[in-house]
Amino acid sequence: MTTMAVRQHRAGPREWLALAVIVMPVLLISIDNTVLTFALPQVSVALRPSGEQLMWLVDIYPLMLAGLLIAAGSLGDRVGRRRMLLIGAAGFGLASIGAAFSTSAEALIAWRVLLGVFGAALMPSTLSLIRTVFVRRDDRRIAIAVWAATFAGGAALGPVVGGYLLEHFWWGSVFLVNVPIIVAFLAAAPFLVPESRDPRPGRLDLPGIAWSMTAMLPFVYGIKQLAEQGLAAEAVGAIALGIVGGVLFVRRQATAEHPLIDLALFSDRVFSGAIGANLLSMMGYAGFLFFAAQFLQLVVGLSPMAAATVLIPGLAVTMIGGFVAVRLARFVSVASLVSLSFAMSAAGYAIAAFAGTPTTWSIMIAFAVLGLGIGLAETITNDVMLSRVPGRQAGAASAASETAYEIGAVLGTAVLGSVLTSSFRANLTVPAVARFGEQDSAFETLGGTMEQARYYPNEIGEQIVLSAHAAFENAVQLTSAVAIVVALGAAWVSWRTLRGASLD
């Protein structure tokens, strides 16, 4: 009788208000994943980062999230998921203020590290609390669609918000936008969001946290160095260290009395397939935004706000896709929907790069196609993931899913961004007179190259601009080709792993 009563309990106004509060941190985290993207040209001018520093400015935030999400999810299961949300929100607000007033690339990277640390405290609890608040399956599926739409929509909203702020304020304002949302969340969460925790918690696995970071940081650094230097000793050594850290992390989780994540979850083919789909979908999403923001501003010549406006249709389609997925799931299999989403990602990249010379319209249409695919997949994969685990492990499982998102965001800029940067440098031709007295880092990025061209208001400057535009367009095509191969491979893997998965 009790089980039947629980199943029949429909969510009321209080539950939906709680959802509105729960997704506030999701909006913050996803906006901060991409809000800096459109500020990169201004940051390049103001702080003069090297090409490697520029990618670290983008990557270090999702990297810290990815390295700490499992630990934060496990800690939230123990000390209380709402408590973790409140701690994370307060720290995130303070770190946002610090980032806004950074005076060097090194300082901004350091504040982005702290944003990642406190962001990790925010994310895992949101999805697991949805499972606690919404006990009826249909209500929970709609709530997950809202969560997924907020996450994907926030990633696209970041450049829009950033574009508006950059039109009216300095680049640091893209971080201050977090503060009023944090204040509203801290005021509402204690009253509307219930506390939730694992009833049988164990000790926090500190060695596991150390090994997870040992795996993540060197591995991504090695990927970057591989793109910069080729098979240099530093790159190979970093990747090797990351692999060793990953092996030791897995071994630790297999033998620890109270592991951060139960590895038995990954023996479930459907659970692992859903996690992998989340990672690869975000990889394509982040990689597209990385080059689209620079192309629209520095090649097409749009202002930050105008460039961000180009992405609004894709933002809307991404959010709508999550709700459409709820209805489509009644008639179309999970494997078909997720595989279709990756096919659409491949089509989006193909439109952007190979439908003639890239234009504002081709970027807009390509992002809408890509966004629809992402929106369809996220609701389905997260619903599947949550349905495969017991309630007491919801925090750790949610952290695994969100870790996949952040690793995907890192790989999107680390792998695709490195391909873009290395191809740009290889194809860029700069007159010797312009290079004289300048460091090589001045021409490592499109933003830096365009800034240097301003010092030569003559044929030399025009030559630099033309070469930079051509080199970047070639780099976009090569990067897109790599992304298409990844997306089609992901579609095939999703079809194989998610066959037989059900949302019932």
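A. Seen up close, the overall build of the chain. Helix and strand counts for the chain stand at 20 helices and 0 strands. The proportion of buried residues among the 504 residues of the chain is 59%. The long-range fraction of contacts in the chain, counting pairs at least 24 apart against all pairs at least 6 apart in sequence, stands at 84%. Total accessible area on the chain stands at roughly 19000 Å², and carbon and sulfur atoms take up 66% of it.

B. Fine view of the packing of aromatic side chains. Under the definition given, this model contains 6 aromatic pairs. Each ring, one from F101 and one from W170, has its centre 5.6 Å from the other, and the planes form 35 degrees; the classification is tilted. Here the residue F101 occupies a position in the loop between α5 (81-100) and α6 (105-133), and W170 occupies one in the loop between α7 (137-168) and α8 (173-176), the gap between them amounting to 69 residues. F101 gets classed as exposed once you look at its relative accessible area, which sits at 53%. Linked through ring pairs, F288, F291, Y349 and F367 together constitute an aromatic cluster.

C. Layout of the environment of F443. With respect to the element layout, F443 can be found in the loop between α18 (432-435) and α19 (446-453). Given the relative accessible area of 3%, F443 is considered buried. Distance from F443 to V430, taken between C-alpha atoms, is 8.5 Å for residues 13 residues apart in sequence.

D. Structural detail: the nonpolar core. Among the nonpolar cores identified, the biggest contains 141 residues, and I130, F175, F288, F291, I363 and F472 are the most heavily contacted of them. Tallying contributions element by element places helix α12 (residues 269-299) first for this core, with 18 residues. Apart from the residues within four sequence positions on either side, F288 is in contact with G348, Y349, A352, I363, A366, F367 and L370.

E. Fine view of helix α9 (residues 178-192). Here α9 is 15 residues long and its end C-alpha atoms lie 21 Å apart, about the 21 Å a rise of 1.5 Å per residue gives. At L186, α9 is deflected by roughly 25 degrees, the largest bend along its length, and proline P190 occurs up to four residues later in sequence. Within the sequence span of α9, burial applies to N178, I182, F185, A188 and A189.

F. View of a nonpolar patch on the surface. On the surface, a nonpolar cluster with roughly 650 Å² of combined accessible area is contributed by L94, I97, F101, Y164, F169 and W170. Topologically, I97 is positioned in helix α5.

G. Representation of the packing of α12 against helix α15 (residues 334-354). Viewed as axis vectors pointing N to C, α12 and α15 meet at an angle of 15 degrees, and their least axial separation amounts to 11 Å. Relative to α15, the element α12 is oriented roughly parallel. As for the relative orientation of α12 and α15, their crossing is left-handed in sense. Facing α12, whose interface residues are A277, L280, S281, G284, G287, F288 and F291, α15 presents V338, F342, G348, Y349 and A352. When its residues are assigned to classes, the contact of α12 with α15 shows 8 nonpolar, 4 polar and no charged.

H. Structural context of the packing of α5 against α6. Taken N-terminus to C-terminus, the directions of α5 and α6 make an angle of 155 degrees; their axes are 8 Å apart at the nearest point. The orientation of α5 relative to α6 falls into the category roughly antiparallel. For the crossing formed where α5 meets α6, the hand is left-handed. Residues belonging to the contact of α5 with α6 are distributed by class as follows: 16 nonpolar, 9 polar and 1 charged.

I. Broad picture of the side chain of T497. You can see T497 is positioned in helix α20 (residues 459-497). Judged by its relative accessible area of 17%, T497 is buried. Ignoring anything within four residues of it in the chain, the contact list for T497 reads R269, V270 and G273.

J. Quick peek at the side chain of Q253. Within the element layout of this structure, Q253 appears in helix α11 (residues 233-255). Accessibility expressed as a relative area gives 3% for Q253, which makes it buried. The residues contacting Q253, other than those within four sequence positions of it, are D205, G208, P259, L260, I261 and L263.

K. The arrangement of the confidence of the model for the chain in detail. Confidence along the chain averages 78 in pLDDT terms, with 86% of residues attaining 70 or more. For residues 1-8, every residue scores under 50 in pLDDT, and the model assigns this stretch 3 contacts once sequence neighbours within four places are set aside.

Conventions used here
Residues numbered from 1 in each chain as written. Predicted model: local features only at pLDDT ≥ 70, side-chain atom pairs only at ≥ 80, totals over all residues. Heavy atoms only, no water. Helix = DSSP H or I, 4+ residues; strand = E, 2+ residues; numbered from the N terminus. Buried < 20%, exposed > 50% of the residue type's maximum accessible area, 1.4 Å probe, protein only. Contact = heavy atoms within 4.5 Å. Areas by Shrake-Rupley, 256 points an atom, 1.4 Å probe, with all protein chains shown as cover. Phe/Tyr/Trp six-rings, centres within 6.5 Å; stacked < 30°, edge-to-face > 60°. Core = buried A, V, L, I, M, F, W, Y, C linked by side-chain atoms within 4.5 Å. Expected span 1.5 Å × (residues − 1). Bend = angle between axes of the 7 residues up to and from the residue. Patch = residues over 30% accessible without salt bridge, like charges linked within 9 Å, V, L, I, M, F, W, Y side chains within 5 Å. Salt bridge = Lys/Arg side-chain N within 4 Å of Asp/Glu carboxyl O. Axes fitted to C-alpha atoms, helices over the stretch in contact; angles between N-to-C directions. Parallel < 35°, antiparallel > 145°, perpendicular 65-115°, else oblique. Left-handed = near helix turned anticlockwise from the far one by under 90°. Nonpolar A, V, L, I, M, F, W, Y, C, P; charged D, E, K, R; others polar. pLDDT = per-residue confidence, 0-100.

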